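Architecture and fold: a report
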Amino acid sequence: MSLERLLRHYFFFLFSVPQPVILFPFNAEYQTRDIKNRTAPGIPSGVSLAPGPYGEEDGSYEFFGNANSFIEFPNSPGGALDVRYSMTILCWVYYDERGGPHGPIFNYNTGGRYRVQLWVYHRLIYASFIDRALSYSWSYLHHTSLAGGWKFVGASYDNETGEIKLWVDGGLKQTRRMRAGVELATQGNVRMGVRKNDYRYRYFKGKISQLQIYNEALSQQQILKLATKPKGERNSV
């Protein structure tokens, strides 16, 4: 084997991306289902299929920024959504600036006390991690405007090191240290778009595609691979 080919194989295995424990393509084929049916389908309300980040027809779900526009996912203890330890959550997001400045992208627990969450907050990407006992010794990250078209966003927690990280388009935007060994609050049903009975009227307006969850903290190289669009694809709205 040539040196060039050997190096190519080395870097492929070094930065290969593990299989997600959940992958919701949010397209016409799968709608609100995981690609392997590892959890119950989401229950949609007031959302519709829309163009995706690669310009594909019906490649995302559009949320309309009101109390009745959401997707809710049943989540059982120990199920695929209940990641609990190390985790990375990623998705494509098109934030409509005509909507409000806040709104949940993926929010564990449909209402009441907060748990692990990925939000738009003050028009920036926001993530918070909290322990399963809901002690509120949580850590959060808040950085980078979502304006300007589709963005590949996410957050990760490394159970071994305690590091939490915020990612946008494969770039590490912010990092902070939480306690190591935390069992995360990933119990309870999940809501996208709006929390139940949110008296602050915080609703997400925009589109979401390809939401994926991993049970480990991915590296920047792995996230960059996932964030890379196929050549020739356009950044559709």
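Up top is the structure.
Presented here is an overview of the structure given in this document. (Residues numbered from 1 in each chain as written. Predicted model: local features only at pLDDT ≥ 70, side-chain atom pairs only at ≥ 80, totals over all residues. Heavy atoms only, no water.)

Quick look at the sheet that holds strand β7 (residues 103-108) now. The strand order across the open sheet built from seven strands is β2-β5-β14-β7-β8-β9-β10, with neighbouring strands paired in antiparallel fashion. Among the strands making up the open sheet, the edge pair consists of β2 (43-45) and β10 (139-145). Looking at each pair of strands side by side, their axes are set apart by 15 degrees on average, direction ignored. Relative to strand β14 (residues 190-192), β7 runs antiparallel, the two sharing two bridges. Within β14, the position partnered with Asn107 by the bridge is Arg191. (Pairing = 2+ DSSP bridges. Helix = DSSP H or I, 4+ residues; strand = E, 2+ residues; numbered from the N terminus. Axes fitted to C-alpha atoms, helices over the stretch in contact; angles between N-to-C directions.)

Residue pairs three or four apart in sequence face the same way in an α-helix, which turns once every 3.6 residues. Among the residues making up helix α2 (residues 220-227), those that are buried are Gln222, Ile223 and Ala227. Taken end-on, α2 shows its buried residues confined to a sector of 135 degrees, consistent with a single buried face. Buried residues along α2 sit in contact with β6 (87-95), β11 (151-157) and β12 (163-168). (Buried < 20%, exposed > 50% of the residue type's maximum accessible area, 1.4 Å probe, protein only. Arc of directions from axis to C-beta. Contact = heavy atoms within 4.5 Å.)

Within the element layout of this structure, Asn107 appears in strand β7. One polar contact links the side chain of Asn107 to the main-chain carbonyl oxygen of Asn109, over a distance of 2.7 Å. (Polar contact = N/O pair within 3.5 Å; in protein donor to acceptor, adjacent residues only side chain to side chain.)

This part is about the nonpolar core. By size, the foremost hydrophobic cluster in this structure holds 42 residues, and its most contacted members are Phe106 and Ile213. Here the element with the most residues in this core is β6; it accounts for five residues. Apart from residues no more than four positions distant in its own chain, Ile213 is found in contact with Pro20, Val21, Ile22, Leu81, Val83, Met87, Thr88, Ile89, Phe106 and Tyr108. (Core = buried A, V, L, I, M, F, W, Y, C linked by side-chain atoms within 4.5 Å.)

This paragraph deals with the environment of His142. Within the secondary structure, His142 is located in strand β10. Taking the C-alpha atoms as reference points, His142 and Tyr121, separated by 21 residues in sequence, lie 7.7 Å from one another. Reaching out from His142, the side chain makes a polar contact with the backbone oxygen of Tyr121 at a distance of 2.7 Å.

So, about the side chain of Thr110. Inspection of the secondary structure assignment puts Thr110 in the loop between β7 and β8 (117-121). Once residues within four sequence positions are removed from consideration, Thr110 is found in contact with Glu72, Asn189, Val190, Arg191, Arg195 and Lys196.

Before going further, it helps to spend a moment on the pattern of salt bridges. Following the criterion strictly, the structure yields 10 salt bridges and no others. Residue Glu72 is joined to Arg191 by a salt bridge in which the shortest nitrogen-to-oxygen separation is 2.7 Å. Remark: Arg191 occurs in strand β14 and Glu72 occurs in strand β5 (residues 70-73); sequence separation between them is 119 residues. A relative accessible area of 6% places Arg191 in the buried class. Asp96 is the partner of Lys205 in a salt bridge, and the nearest nitrogen-oxygen pair spans 3.9 Å. Residue Lys205 is found in strand β15 (residues 205-214), and its partner Asp96 is found in the loop between β6 and β7; the two are separated by 109 residues along the sequence. Several salt bridges converge on common partners, so that one network encompasses Asp82, Arg84, Arg132 and Glu183. (Salt bridge = Lys/Arg side-chain N within 4 Å of Asp/Glu carboxyl O.)

Limitation: the analysis is restricted to geometry and does not speak to function.
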